[in-house]
Amino acid sequence: MTVILVKQPRFADQRGWFTESWNQAKFAALGIEADFCQDNHSYSQSTGTVRGLHFQTPPYAQAKLVRCVRGSILDVAVDIRTGSPTYGQHVSRVLSADNAEQLFIPAGYAHGFITLEPDCEVIYKVTAPYHKESEGGIIWNDPALGIDWPLPETGACLSDKDLVLPLLHELEPHFAYEGGPLVPLD
Ligand SMILES: Cc1cn([C@H]2C[C@H](O)[C@@H](COP(=O)(O)OP(=O)(O)O[C@H]3O[C@H](C)C(=O)[C@H](O)[C@H]3O)O2)c(=O)[nH]c1=O
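Each value, and the rule that gives it
Residues numbered from 1 in each chain as written. Predicted model: local features only at pLDDT ≥ 70, side-chain atom pairs only at ≥ 80, totals over all residues. Heavy atoms only, no water. Pairing = 2+ DSSP bridges. Helix = DSSP H or I, 4+ residues; strand = E, 2+ residues; numbered from the N terminus. Axes fitted to C-alpha atoms, helices over the stretch in contact; angles between N-to-C directions. Contact = heavy atoms within 4.5 Å. UniProt positions renumbered as here; feature names shortened; annotations may be inferred. 1 Å grid on protein atoms, 1.4 Å probe; cavity = no way out; pocket = protein on both sides within 12 Å on 5 of 7 lines; lining within 4 Å. Polar contact = N/O pair within 3.5 Å; in protein donor to acceptor, adjacent residues only side chain to side chain. Buried < 20%, exposed > 50% of the residue type's maximum accessible area, 1.4 Å probe, protein only.

**Digging into the sheet that holds strand S13 (residues 135-137)**
Remark on secondary structure: sheet strands pair via backbone hydrogen bonds, oriented parallel or antiparallel. Taken together, 5 strands build an open sheet; the order of strands is S9-S7-S11-S5-S13 and the sheet is antiparallel. The open sheet has two edge strands, strand S9 (90-96) and S13, and neither has a second partner. On average, each strand axis in the sheet is inclined to that of its neighbour by 30°, with strand direction left out of account. In the sheet, strand S5 (residues 50-56) pairs with strand S11 (residues 109-115) via 3 bridges, with the strands oriented antiparallel. Bridged to Val50 within S11 is Ile114.

**Here we look at the environment of Val183**
Within the fold, Val183 resides in the segment after strand S14 (175-176). Not counting residues within four places of it along the chain, the set of residues in contact with Val183 comprises Thr2 and Val91.

**Thoughts on the side chain of Ser72**
Within the fold, Ser72 resides in strand S7 (residues 72-79). Excluding its chain neighbours within four sequence positions, the residues that come into contact with Ser72 are Leu95, Ser96, Ile114, Thr115, Leu116, Glu117 and Cys120.

**A look at the UniProt feature "active site" (unreviewed entry) in the protein chain**
UniProt records the feature "active site" (unreviewed entry) for His54 and Tyr124 in the present numbering. These residues run over 71 residues, yet every pair of their C-alpha atoms falls within 13.6 Å of each other. In the annotated set above, the residues contributing to the lining of the largest pocket are His54 and Tyr124. Mapped onto the elements of the fold, His54 is located in strand S5. When residues no more than four places from it in sequence are discounted, the contact partners of His54 are Lys64, Tyr109, Ala110, His111, Gly136, Gly137, Lys161, Asp162 and Leu165. In this structure the side chain of His54 is engaged in a polar contact, spanning 3.5 Å, whose partner is the backbone nitrogen of Gly52. Relative to the helices and strands, Tyr124 resides in strand S12 (residues 120-126). You can call Tyr124 buried: its relative accessible area is 18%.

Written out as structure tokens, the structure is:
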């Protein structure tokens, strides 16, 4: 399955706007079949904060529905499905409180983002609970990934954990390719 960009309509009036950020039937019509069990919410203070690239291994693999509700981020998903014709390739998209766009990232992808301004908040639904022992990752700036991270002059801000994540070529095979190569988002 591939990564899906979601653009829900916004209903604006003199008060502001309203949008449905999740609707099971409407999202199923987009190809998003997901039984979400947990909502996550992160706040990042500085521009250039990188969270990721993360995944959880089966049976705790997570599909994610990601949106930025304050500020703006460049959201990135890397295909790590063994045998995929797009293995190691990625898609990225600016998600912001202003554009209200979302990315649905199926299991089988490593996910991360970089903040494009201070005080960013990201909210995302996941289809499996947090399971620390199942956490995996790829280091954000692995040259093999070719991700063009927009870095501020102050550089990137990462957790100690993320600074020592492995390279893509060091990754164990955790996910089998079952169709749906990565395709451009727009
Ligand atoms: C992910 C998670 C974390 N935690 C605890 C564990 C740590 O004490 C603290 C921070 O965790 P972490 O540094 O892993 O947070 P992020 O770096 O934002 O991780 C996330 O970053 C990228 C963008 C992802 O896609 C994943 O959902 C997730 O890995 O929250 C929980 O209690 N539950 C959870 O589901």
